[in-house]
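# A structural walkthrough
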Amino acid sequence: MELIGDSDAEILAFDEPEIEASEGRIMTRVHVSRERNSTLVKKKKAVALRQHGCLACEVCGFDFLQTYGERGREFIECHHTLPISSLGEHGKTNLKDLALVCSNCHRMIHARRPWWSIDDAKAALIGANGSRAQS
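Residues numbered from 1 in each chain as written. Predicted model: local features only at pLDDT ≥ 70, side-chain atom pairs only at ≥ 80, totals over all residues. Heavy atoms only, no water.

### Topic: the overall build of the protein
Put simply, the rule reads: Labels follow the DSSP assignment, with helices taken as runs of H or I lasting at least four residues and strands as runs of E lasting at least two, numbered in each case from the N terminus. Only heavy atoms matter for contacts: two residues are in contact if any of them lie within 4.5 Å across the pair. Note on areas: these come from Shrake-Rupley sampling with a 1.4 Å probe, and a residue is covered only by the protein chains present in the view.
Scanning the protein from terminus to terminus reveals five helices and two strands. Its helices and strands taken in sequence order, the protein reads α-α-α-β-β-α-α from the N to the C terminus. Sequence separation of at least 24 residues holds for 55% of the intrachain contacts in the protein that already meet a minimum separation of 6. Only carbon and sulfur atoms are counted for the fraction: they give 51% of the accessible area of the protein, which is about 11,300 Å².

Below you can see the structure in the form of structure tokens.
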């Protein structure tokens, strides 16, 4: 808690090899969340498996099964390309409104507003890979 309000430069200036902070305090939070339909996600995964034979990230191509073996079977996140908050209380989602993405790509899509589209994420990935290849 002492670091809150410090600049990044001040935080990075610490040269102590062992820094510790209190964590694990129990807190109660109340928030509103929007219902998601897990059946729709299962159908999206089933369609992808039928069409492609795997569940690969639609941005970077990462395949959890290929990388982690059995533990990664049928594991991938499902991103709503139309924010659920924009649908209203009785909104409908179609399979075409969902994208299967790995955890890293999903986090980057939602890292800050405005959120990236799948195409934005692909373009950023291609741009970053092109920059790395040239350096």
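There's plenty left to go through after this.
### Regarding the environment of M108
Structurally, the position occupied by M108 is in helix α4 (residues 103-109). Put simply, M108 and A121 are 13 residues apart on the chain and 7.6 Å apart in space, counted from C-alpha to C-alpha.

### Topic: unusual backbone geometry
Omega for the peptide link from R113 to P114 comes to 0°, which places this bond in the cis form. Summarising the element assignment, P114 is placed in the loop between α4 and α5 (118-134). Positive phi, normally seen in glycine, also occurs at E74, with a value near 60°.

### What to know about the packing of aromatic side chains
Inclusion rule: The aromatic pairing rule takes the rings of Phe, Tyr and Trp, using the six-membered ring of Trp, and pairs them if the centres are within 6.5 Å, calling planes under 30 degrees apart stacked, those over 60 edge-to-face and the rest tilted. Throughout, exposure labels follow a simple rule: accessible area from a 1.4 Å probe, protein chains only, divided by the maximum for the residue type, with under 20% read as buried, over 50% as exposed, and the rest as partly exposed.
Overall, the coordinates contain four aromatic pairs when judged by the stated rule. On the numbers, 6.2 Å between centres and 25° between planes, the contact of F64 with Y68 is stacked. Here the residue F64 and the residue Y68 both occupy positions in helix α3 (residues 64-68), the gap between them amounting to four residues, near one helical turn. Owing to a relative accessible area of 9%, F64 belongs among the buried residues under this scheme. What makes Y68 exposed here is its relative accessible area of 53%. An aromatic cluster is built from F62, F64, Y68 and F75, whose rings are joined through pairwise contacts.

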